[in-house]
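Each chain, letter by letter, is given below.
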Amino acid sequence: MMNEDATGRLLKYDATTKQVTVLKDGLPYPNGVAVSHDRTYVVVAHTMPCKAHRYYLQGPNAGHYELLADLPGYPDNVRRDGKGGYWVALNQEKGRPNATMAPVKHLVGVRLDGNSVQVEELTAAKGVTLSEVTEMNGTKWLGSVEHWNLTTSA
């Protein structure tokens, strides 16, 4: 069961002072955070609204929270991709209102470039869900909370 509760928070922990600061509150179902390559912002995936947002940590937009991408499914993590963008694992696709047949494969991940454009899709057999897509040296590492094994994809 998913809900649209907006009680999530984005927190910053200072290891030196051991203090926690609330950067943003009132977030709907936050489920994954990744620091940008240049460390100027973080990407926050929101499961229920199927969106990814960007929170600026520094620069002229510091403290600003904006939409990065409207996602084609329910995200369950976000990771940097090593190319200036992000992999977003999708636990489930959004409904397909005009579909006449159930797909043999379904969308389980998308790669967003640094400008929030979807540049790659990752599909899997029906019934497979992902909670993690990480890419290292051209190999994608795929993880799921529903399966005991870890899979790679070149």
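Keep in mind that this is a model prediction, so the values were computed, not measured. Each chain has its residues counted from 1, following the order in which its sequence is written. Where local features are concerned, this predicted model is filtered to residues with pLDDT of at least 70; where side-chain atom pairs are given and counted, the filter is 80 or more; whole-chain, interface and lining totals use all residues. Hydrogen atoms and water are omitted, and side-chain values are computed over all heavy atoms in the structure.

A. Highlighting the sheet that holds strand β7 (residues 73-80). At least two bridges found by DSSP between two strands is the condition for calling them paired. The helix count covers DSSP runs of H or I at least four residues long, the strand count covers runs of E at least two residues long, and both are numbered beginning at the N terminus. Read across the sheet, four strands follow the order β7-β8-β9-β10 without closing on themselves; strand pairing throughout is antiparallel. Edge positions in the sheet fall to β7 and β10 (118-125), since each has one partner strand and no second. Averaged over all adjacent pairs, the angle separating strand axes in this sheet is 25°, with direction ignored. Pairing of strand β9 (residues 105-112) with β10 involves seven bridges; the strand directions are antiparallel. Bridge pairing in β10 places H106 opposite A124. In this description, a line fitted to the C-alpha atoms serves as the axis of each element, helices being fitted only across the stretch in contact, and the angle between N-to-C directions of two axes falls anywhere from 0 to 180 degrees.

B. Seen up close, the packing of aromatic side chains. Stacked, tilted and edge-to-face pairs are distinguished by plane angle, under 30 degrees for stacked and over 60 for edge-to-face with tilted covering the rest, among Phe, Tyr and Trp rings (Trp via its six-membered ring) whose centres lie within 6.5 Å. Going through the model one piece at a time under the given rule, you end up with two aromatic pairs. Each ring, one from Y55 and one from Y65, has its centre 6.2 Å from the other, and the planes form 50°; the classification is tilted. Taken together, the positions of Y55 in strand β5 (residues 51-56) and Y65 in strand β6 (residues 65-70) put the pair ten residues apart, joining distant regions of the chain. An identical accessibility class is assigned to Y55 and Y65; each is buried. Partly exposed describes any residue whose relative accessible area lies between the buried limit of under 20% and the exposed limit of over 50%, with all areas from a 1.4 Å probe on protein chains only and scaled to the type maximum.

C. Fine view of the side chain of E135. Note that E135 resides in strand β11 (residues 132-136). Owing to a relative accessible area of 11%, E135 belongs among the buried residues under this scheme. At 2.8 Å, the side chain of E135 and the side chain of W87 are in polar contact. Polar contact criterion, stated in full: a pair of N or O atoms within 3.5 Å, where within protein one must be able to donate a hydrogen and the other to accept it, and residues adjacent in sequence count only if both atoms are side-chain atoms. In terms of polar contacts, E135 uses its side chain to reach the side chain of R111, at 2.7 Å. Look past the residues within four positions of E135 in its chain and what remains in contact with it is D81, K83, W87, R111 and K140. Residues count as neighbours in contact if any of their non-hydrogen atoms are within 4.5 Å of one another.

D. Representation of the pattern of salt bridges within the structure. What makes a salt bridge here is a side-chain nitrogen of Lys or Arg within 4 Å of a carboxyl oxygen of Asp or Glu, nothing more. Taken as a whole, this structure holds nine salt bridges when the rule is applied. Between K94 and D70 there is a salt bridge, with the nearest N and O atoms lying 3.3 Å from each other. Taken as a pair, K94 in the loop between β8 (86-93) and β9 and D70 in strand β6 lie far apart in primary sequence, 24 residues in all. Using a relative accessible area of 31% as the deciding quantity, one classes K94 as partly exposed. Here E135 and R111 are joined by a salt bridge, their closest N and O atoms 2.7 Å apart. Linking E135 in strand β11 with R111 in strand β9, this pair joins segments that are 24 residues apart in sequence. R111 matches E135 in its accessibility class, with the two residues each being buried. A network of salt bridges, in which partner residues are shared, links D81, K83, R111, E120, E135 and K140.

Distances and angles like these do not, on their own, reveal function.
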